[in-house]
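# Descriptive analysis of the structure
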Amino acid sequence: MNIFRRFSKRVSARYRKMSIRMVLSLSFTAVAVTGILLMGFSMIWRFGSSNQQLVAENSQRVLAQANLNLDSYLRRMMRISDAVYYGVVKNIDLAEGNLTGAMNLLYEENRDDLVSIAAFDSSGELVASVPLSTLKEGSAPEDSLWFRAALGNMENLHFSTPHVQNLFRDPDNPYRWVVSLSRHIQLTRDGVTENGVLLVDMSFAGIEQVCRDVELANGGYMYLIDGDGEIIYHPRQQLIYAGLLEENNLQAAAYSDGNHLERFQGEQRHITVKTVGYTGWKLVGVAPNESSELPELFLFGLSLVLFFVFLMAFLNFRISAYISDPIRRLEQSIKELESGRQNVEIEDAGCYEVQRLSHAVRSMVSTMHHLMDDIIEQEGQKSRSELEVLQSQINPHFLYNTLDSVIWMTESGRQEEAIQMVTSLARLFRIALSRGNSIIPLADELEHARHYMTIQQIRFKNKFQTKITAQPGTEGLYTLKLIVQPILENAIYHGMASAEDDGLISVTACRAGDDLIIDVSDNGLGMRPEVAASLLDENRPEVRTSGSGIGVRNVHQRIRLTFGPEYGLTIFSEPDEGTLVRIRLPALTREEADRYQQEGTP
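Residues numbered from 1 in each chain as written. Predicted model: local features only at pLDDT ≥ 70, side-chain atom pairs only at ≥ 80, totals over all residues. Heavy atoms only, no water.

## A word on the packing of helix 11 (residues 415–433) against helix 12 (residues 442–459)
Relative orientation of the contacting elements helix 11 and helix 12 amounts to 145°, with a least axis distance of 9 Å. Considering the relative orientation of helix 11 and helix 12, their crossing is left-handed. Between helix 11 and helix 12, the residues in contact are Glu 417, Gln 420, Met 421, Ser 424, Leu 425, Arg 427, Leu 428, Arg 430, Ile 431 and Ala 432 and Asp 444, Glu 447, His 448, His 451, Tyr 452, Thr 454, Ile 455, Ile 458 and Arg 459, respectively. Among the residues making up the contact of helix 11 with helix 12, the classes are represented as 8 nonpolar, 5 polar and 6 charged. (Axes fitted to C-alpha atoms, helices over the stretch in contact; angles between N-to-C directions. Helix = DSSP H or I, 4+ residues; strand = E, 2+ residues; numbered from the N terminus. Left-handed = near helix turned anticlockwise from the far one by under 90°. Contact = heavy atoms within 4.5 Å. Nonpolar A, V, L, I, M, F, W, Y, C, P; charged D, E, K, R; others polar.)

## Thoughts on helix 12
The terminal C-alpha atoms of helix 12 lie 26 Å apart, and with 18 residues this matches the ideal 26 Å at 1.5 Å per residue to within 8%. Within helix 12, 13 of the 18 residues are buried, which leaves the element mostly enclosed by the surrounding structure. Downstream of helix 12 by one or two residues, Lys 461 has phi in the positive range, about 55°. (Expected span 1.5 Å × (residues − 1). Buried < 20%, exposed > 50% of the residue type's maximum accessible area, 1.4 Å probe, protein only.)

## Examining the sheet that holds strand 15 (residues 503–512)
Pairing is mixed in the open sheet, where 5 strands are placed in the order 13-15-16-18-17. Looking at which strands have only one partner, the edges of the open sheet turn out to be strand 13 (464–470) and strand 17 (568–574). On average, each strand axis in the sheet is inclined to that of its neighbour by 15°, with strand direction left out of account. Strand direction decides the pairing type here: strand 15 and strand 16 (residues 515–522), joined by 8 bridges, are antiparallel. Paired with Val 507 across the two strands is Val 520, which belongs to strand 16. Strands strand 17 and strand 18 (578–586) of the sheet are contacted by helix 15 (residues 550–563), whose axis makes an angle of about 145° with strand 17. (Pairing = 2+ DSSP bridges.)

## Focus on the packing of helix 13 (residues 485–495) against helix 15
Remark: helix 13 packs on helix 15, axes separated minimally by 8 Å, with the N-to-C direction vectors making an angle of 155°. Between helix 13 and helix 15, the crossing angle belongs to the class labelled roughly antiparallel. Relative to helix 15, helix 13 is oriented so that their crossing is left-handed. Residues Pro 486, Ile 487 and Asn 490 of helix 13 touch helix 15, and the partners they reach there are Gly 551, Val 552 and Val 555. Considered class by class, the residues forming the contact of helix 13 with helix 15 number 4 nonpolar, 2 polar and no charged. (Parallel < 35°, antiparallel > 145°, perpendicular 65-115°, else oblique.)

## Description of the pattern of salt bridges
Pairing is possible between side chains of opposite charge, provided their charged atoms come close. Going through the model one piece at a time under the given rule, you end up with 13 salt bridges. In this structure, the salt-bridge partner of Asp 113 is Arg 76, at a minimum N-O distance of 3.2 Å. A residue pair is termed long-range when its members are at least 10 positions apart, and Asp 113 in the loop between helix 3 (100–109) and strand 1 (114–121) and Arg 76 in helix 2 (residues 20–87) qualify at 37 residues. You can call Asp 113 buried: its relative accessible area is 17%. (Salt bridge = Lys/Arg side-chain N within 4 Å of Asp/Glu carboxyl O.)

## Remarks on the environment of His 260
Looking at where His 260 falls in the secondary structure, it is placed in strand 9 (residues 258–264). Along the sequence, His 260 and His 270 sit 10 residues apart, while their C-alpha atoms lie 6.0 Å from each other. Contact partners of His 260, with chain neighbours within four places excluded, come to Tyr 255, Arg 269, His 270, Ile 271 and Val 273.

## As for a nonpolar patch on the surface
Where nonpolar side chains cluster on the molecular surface, the patch consists of Phe 28, Phe 307, Leu 311, Phe 314, Leu 315 and Ile 319 and spans about 540 Å² of accessible area. No other element matches the 5 residues that helix 8 (residues 294–338) contributes to the nonpolar patch. On the secondary structure map, Ile 319 appears in helix 8. Overall, the relative accessible area of 40% leaves Ile 319 in the partly exposed class. (Patch = residues over 30% accessible without salt bridge, like charges linked within 9 Å, V, L, I, M, F, W, Y side chains within 5 Å. Areas by Shrake-Rupley, 256 points an atom, 1.4 Å probe, with all protein chains shown as cover.)

## Looking at the packing of aromatic side chains
Under the counting rule described, the total for this entry stands at 8 aromatic pairs. Between Trp 146 and Phe 147, the aromatic rings sit 5.8 Å apart at their centres with planes inclined by 70°, giving edge-to-face as the arrangement. The class of Trp 146 is buried, set by a relative accessible area of 12%. Accessibility expressed as a relative area gives 2% for Phe 147, which makes it buried. Residues Phe 460 and Tyr 493 carry aromatic rings whose centres are separated by 6.5 Å and whose planes lie at 80° to one another, so their mutual orientation is edge-to-face. On the criterion of sequence distance, the pair formed by Phe 460 in the loop between helix 12 and strand 13 and Tyr 493 in helix 13 is long-range, its members being 33 residues apart. Since its relative accessible area comes to 29%, Phe 460 is described here as partly exposed. Given a relative accessible area of 27%, Tyr 493 falls into the partly exposed group. Three or more aromatic residues joined by ring pairs make a cluster, and in this case those are Phe 120, Trp 146 and Phe 147. The lysine or arginine in question, Arg 236, covers the ring of Tyr 221, its NZ or CZ lying 5.5 Å from the ring centre. (Phe/Tyr/Trp six-rings, centres within 6.5 Å; stacked < 30°, edge-to-face > 60°. Lys NZ or Arg CZ within 6 Å of the ring centre and 35° of its normal.)

## Things to note about the environment of Asn 195
With respect to the helices and strands, Asn 195 occurs in strand 6 (residues 192–203). Exposure remark for Asn 195: the relative accessible area of 31% places this residue in the partly exposed category. Residues Asn 195 and His 184 lie 11 residues apart in sequence; the distance between their C-alpha atoms is 7.2 Å. Excluding its chain neighbours within four sequence positions, the residues that come into contact with Asn 195 are Asp 121, Ser 122, Leu 151, Met 154, His 184, Ile 185, Gln 186 and Leu 187. Polar contacts involving the side chain of Asn 195 include one to the side chain of His 184, which spans 3.0 Å. (Polar contact = N/O pair within 3.5 Å; in protein donor to acceptor, adjacent residues only side chain to side chain.)

Quick look at the structure:
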C-alpha cells in the first residue's frame, strides 16, 4: 500500500505540472485507447453472443424439421391404427367372420413401416394378427405394459420405448426392434361388445432413419428420449448400452422446450429441446458451446488497438496545440476578472467552441453587471414599498383619531360603542402583526378588513354600510397580508366622501381556477378611467394625504414583486357609477404559503 501511495503521489504531482497541451494529448489518447478496447471487447462478446444465437437458431430449425418428420411418421402409424379399428374391428362381428383378411390388406399397404398388427380380447387371448400369427411359448400379453396401459386408459394411444419384438415367433428376424402402439378397442361377438386391445408394432428402423441424418452446428448431434428420460434413439446408443459412454438424458427429461446451457463432464454444451406431440417423447439437440474464430478475432483486435494508439497519439498532440493556446489566454482573462479588474478584453480566437466560450464569458459578465444593478434597484423598491405600506396602513394619525373617538364616546356615556371600537382596534393590530408573517390566511385578512370597517363606521356615524363575504372554494387559501385595508381606505375617502346614508362598500373573495380574486367595490362617485389607471402608475408623483392612492399603488407593487407581473390590481370605474378594485393573487394552499414564507418574500 505504501508503494502504491508513493506512486499515486508522483503521478498526481507530475499531472499538476503538465501543460494543458500535454494533458489534452494524454487524455485524448487514453480515451481513444479505452474506446477501442471497449469496442474490441464488445465485438468479441457480440460475436460470441451472435454465434450462440446462430447455434440456437440452427438447432431449433433442425429439431423442428426432425420433429415434423417424426410427427408425420407417428401420425401415419396412428392413421393405420384408426383404419384397423374403425374400418375393420368396428364393422365385423367375430361370430360371423374374422379380422385377418382386412387387417392383412392394411398391413400389405404399409409393410415397409410395420412389423405386425394384432388384436387381443380383455383376457389377453389372441383374436387376430398379421403377418405373424403364432405367439411364443410363455408369452403373456395380458401382463405386458402396453396391454395394461391400453386397458387402463381407454381414451388415449400409447407408445412404448424401443424393444425387441418378443411376442410372436418371427423365423425371418427373431431380434427385430420395434415400437409398440397400443389402444383400447371394442370387439363385437354375437352382437355383444367386449373390451380388447389393438397392437401395432412399428419398425424402429423408421424412427432411426428420421433421427440418423440430423447434423447440428459445431459437430453436434440429436437423440430421442421418452418422458422419463429413457433413451429411444442415440447416435452412440451401442456405446451407452455398453457403459463406454454417458449421456445427460435424465437431466434433459426435466428441461422445458427451448434452449438451455449445461455443463456435462467438464464441457459446456448448448441444449435444444423439442417435445414430440402425442407421445411425450423429447428430441434433444446437443451442440458444443465454443467458437474456433475467437483466437483470430482477438489477434485482429489487438493489432487494431496498437495501430490506433500510435495514430491517436500523433493526431492528439497536433490538435491539442491548436486548442491549448486560446484556452490559456481565456483563463488569464478570467483570472483578471476574478481580481476585480474592469474592462478586461476577452479575445475571440481558436476553434469554434473556444470562440463561443469567449463570447459566453463576455455575455455573462455583461449580464451579471445588469443583474446586480436590477437586484439593487428591486431591493430598494421592495424596502421602500414595505415601509410605505406599513406607514399607510397603521399610521399615528389613524391611531390618534381612533383613540380620540374612544375618549369622546366614553365621556358621552357611549361605553358600548367605545368598547366595540377598542376591541376592533386590538384585533386589527393583532392581525396586522401576524407574528411577523407576511402571508396569512384569507380569513384573517378579511377579518382585519371587517374590524377596520367597524372602526370607520363608528367614526363616520354609519354613513355607509359594509358587506364582506367569502364564496365557497376559498376555504384554507392564503393571501399577502394588509392588501384589502388600503383599498377600503381609498374607497372611504374618495367613494364615500359625498355619499348620503345609502353608501355601500362590498368585499367579495372567490376562486377562479388557480387564482384568488378579491373584489372591493363601492357605489360612490367613481372616476374617469384615465384617473383610475393613473393610480397604479409607478411614475405618478406621490401625494401623502389621506386616501391619496399611495396605499393602493403600494399594494399593487407588493403583489407583483412577490408573485410576478401577471398578478396585481385592476381598477374599473366610471363617473357616478362607483369603483371596483380587483385584486388577483395565486390561490395559495398552506404548503405553498409556507414555501413563500421560507423564501423570504415580502
